[in-house]
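# Breakdown of the fold
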Amino acid sequence: MAQKEDVFKKIVSHAKEYGFVFPSSEIYDGLGAVYDYGQNGVELKNNIKRYWWESMTLLHENIVGIDSAIFMHPTIWKASGHVDAFNDPLIDNKDSKKRYRADVLIEDEIAKIEEKIDKEVAKAAKRFGDSFDEAMFRQTNGRVLEHQQKRDVLHSRYEKAMNDNDLKELRQIIEDYAIVDPISGTRNWTDVRQFNLMFKTQMGSSADATMDVYLRPETAQGIFVNFLNVQKTGRMRLPFGIAQIGKAFRNEIVARQFIFRMREFEQMEMQFFVRPGEELNYFEMWKETRMKWHKALGMGDEKYRYHDHEKLAHYANAATDIEFQMPFGFKEVEGIHSRTNFDLSQHEKFSGKKIQYFDPELNESYTPYVIETSIGVDRMFLSVLCSSYEEQQLEGGDTRVVLHLPKALAPVKCAILPLVKKDGMPEKAREIMDMLKFDFACQYEEKDSVGKRYRRQDAIGTPFCITIDGQTVEDNTVTLRDRDTMQQERVAISELPRIIGEACSLNNLLKKLV
Ligand code: ATP
């Protein structure tokens, strides 16, 4: 565990050192849970967004995009339930003066017990070798059963308290299980209170005409309130979807784990509108479609899993998360929810406008049901970064840090490196750059030894380095170095667009999805 945390720290500093992610307002000592993307980060982020957007809008004839405003009429958030219920239970430790989410403290306690069980299992697996029967061991080992029972009792108490919104009981659980503040190590806790996660601000200039507005905590509502606009102007027939990428804001109580939990972040959401009664089939379809999208990146199928929600929101009839194995455990990257007709009905009720779809096949009007796929760009970015990062020991005692980014997502596709700054090499290199730059993000570098330049490109995940040497000037060939294998081959300049194109093309990635 400690080792994994070390790796995560290294990834965070690597992200800063190589221009991927900077803490916001750094020269003013930063701003909690807000980050800026640097020169390489923005390219990687844009490529992730493009992959998602094109997979939605190009590969599905019945999905179109929109870009709705961040500010919306405040009643929207009343209708959606966010004003009344978008809360987290918070608790303060009086000694450390730190604030925590009570539910997260309890979940961490549950995870600790689960870890103890896993350790017993791992120990036994080592002892018994090939003859080990894990299922049997879990069912019969005394210590495992004891831990399991403790975990189940805690889990059901916790689940009931959350379902009942019982803040006193959450406090009591923290007391009964002697949960301490990880910083002060004390149990000097305040009561548990509800905390609304929406940021509020005022719109309008004169004092008497101002209106409280919220920074949107999700992009989805912009889609719901435009349902009729898009359906009518696009002459859309059910089933159809509306996709959107945009910023969302949540005043998270505890901001942890770098860009995993931010106060300003970006979402890619798609609402798929279907006939009532057909929603669970589409839910299954979208579960599969979205998993395929993740796995096509080739970061390792074993790093993904579904986590079905046990506790459903009152308006949902199915929900699952796609989790990714981060260095700090399996964590939600994307949510897929069957939201019934809750949102559209609420907006109909609160706006007083009819929001219905006339189904020409059934010859009747109804409120469509909705399947939502909702993924955080930043969490996706983090999963790509974490799974790509490697510190490699090379022959001869050397080491290198390399980002094995999916090639279609890499910020720079090829580096163009004249071996030396003379003998016509820079000129030839510029010619190659001028040929490639319209199709690929290229970087021209002539400073330092070529070895050092390779290392810099490895560190930002550039799939190819093209080296221009004496022979290039004579026969129009270059060496092409592969980031992952470090193999170099001599190829004709005229071959470069094809080789780089095939390896880095977003289209080839999209083709895996159909
Ligand atoms: P969590 O339980 O981790 O707070 P959530 O279930 O509230 O997440 P949703 O409301 O389903 O998240 O949002 C959809 C997606 O938006 C999440 O899967 C995640 O990728 C992203 N997301 C949500 N909150 C944040 C945040 N504070 N920072 C970065 N990404 C976020």
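Described below are features of the structure shown in this document. (Residues numbered from 1 in each chain as written. Predicted model: local features only at pLDDT ≥ 70, side-chain atom pairs only at ≥ 80, totals over all residues. Heavy atoms only, no water.)

## Re the site of the ligand
Here is the rule: We call a residue near a given molecule or strand whenever any one of its heavy atoms falls within 4 Å of it. In the analysis that follows, any N or O atom pair within 3.5 Å is treated as a polar contact, provided that within protein one partner can donate a hydrogen and the other can accept it, and provided that, for residues neighboring in sequence, both atoms belong to side chains. Surface exposure here means Shrake-Rupley accessible area, sampled with a 1.4 Å probe, where a residue is shielded only by the protein chains that are shown. Helix numbers and strand numbers start at the N terminus; a helix is a DSSP run of H or I with at least 4 residues, a strand a run of E with at least 2.
Around the ligand there are 15 residues in total, and Glu252, Arg261, Met262, Glu332 and Val333 lie nearest to it. Take Val333: an N or O atom from its main chain is 2.7 Å from an oxygen atom of the ligand. Taking 600 Å² as the accessible area of the ligand by itself, protein coverage stands at 83%. Broken down by secondary-structure element, the contributors of at least two residues to the shell around the ligand are strand E10 (264–274), strand E13 (329–338) and strand E16 (369–376). Examining the composition of the shell around the ligand, we find that five residues originate from one element, E13, more than from any other.

## Looking at the packing of aromatic side chains
Under the convention used in this document: In this analysis, rings of Phe, Tyr and Trp, with Trp reduced to its six-membered ring, are considered paired at centre separations within 6.5 Å, and the interplanar angle assigns stacked below 30 degrees, edge-to-face beyond 60, and tilted for intermediate values. Only protein chains enter the accessibility calculation, which uses a 1.4 Å probe; a residue whose area is less than 20% of its type maximum is buried, one above 50% is exposed, and one in between is partly exposed. The criterion for a charge sitting over a ring is simple: Lys NZ or Arg CZ within 6 Å of the ring centre, and within 35 degrees of the ring normal.
All chains considered together, the criterion is met by 19 aromatic pairs. Judged by centre distance (5.1 Å) and plane angle (65 degrees), the ring pair of Tyr304 and Phe324 falls under edge-to-face. A residue pair is termed long-range when its members are at least 10 positions apart, and Tyr304 in strand E11 (residues 304–308) and Phe324 in strand E12 (residues 318–326) qualify at 20 residues. For Tyr304, a relative accessible area of 8% translates into the label buried. Every member of this aromatic cluster is reached through a ring pair, and the members are Phe8, Tyr35, Phe258, Phe260 and Phe328. A cation sits over an aromatic face here: Arg379 above Phe260, 3.8 Å from the ring centre. In this arrangement the basic side chain of Arg430 is found over the ring face of Tyr444, its NZ or CZ atom lying 3.7 Å from the centre.

## Overview of helix H8 (residues 167–176)
Stated precisely, the cut-off is as follows: Read the arc as the range of directions from the helix axis to the C-beta atoms. Should any heavy atoms of two residues lie within 4.5 Å, those residues are counted as being in contact.
Taken together, the buried positions of H8 are Leu170, Arg171, Ile173 and Ile174. Taken end-on, H8 shows its buried residues confined to a sector of 155 degrees, consistent with a single buried face. Buried positions along H8 lie against strand E4 (87–92), helix H5 (102–128) and helix H7 (142–163). One side-chain oxygen at the N-terminal end of H8 lies 3.3 Å from the backbone nitrogen of Lys168; it belongs to Asp166.

## Re the sheet that holds strand E6 (residues 193–196)
Spelled out, the test is: In this description, strands pair whenever DSSP reports at least two bridges between them. Axis geometry follows a simple rule: fit a line to the C-alpha atoms, using only the stretch in contact for helices, then measure angles between N-to-C directions, giving values from 0 to 180 degrees.
Read from one edge of the open sheet, three strands run E5-E4-E6, paired in antiparallel fashion. Of all the strands in the sheet, the pair left with one neighbour each is strand E5 (99–101) and E6. Taking each pair of neighbouring strands and ignoring which way they run, the sheet shows an average axis angle of 50 degrees. Note: E4 against E5, three bridges, orientation antiparallel. Opposite Ile91, over in E5, you have Tyr100 as the bridge partner. Relative to the sheet, H5 contacts E4 and E5, its axis offset from that of E5 by approximately 65 degrees.

## Some details on the nonpolar core
To keep things clear, this is the line we draw: In these notes, a set of buried Ala, Val, Leu, Ile, Met, Phe, Trp, Tyr and Cys residues joined through side-chain atoms within 4.5 Å is what counts as a nonpolar core.
Within the largest apolar cluster, 62 residues are counted, with the highest numbers of intra-cluster contacts made by Tyr51, Trp52, Met380, Phe381 and Leu382. By residue number, the principal contributor to this core is helix H13 (residues 377–388), which donates seven residues. Core analysis: the next-biggest nonpolar cluster, separate from the first, contains 21 residues, Ala429, Ile468, Leu480 and Ile500 among them.

## Some words on helix H12 (residues 342–351)
Residues lying three or four places apart along an α-helix face the same way, a consequence of the helix completing one turn every 3.6 residues. Buried residues of H12: Phe342, Asp343, Leu344, Gln346 and His347, and no others. Looking at the packing, one finds that the buried side of H12 touches helix H3 (75–79), helix H9 (220–224), helix H10 (227–233) and E10. Looking at the residues trailing H12, positive phi occurs at Gly352, about 75 degrees.

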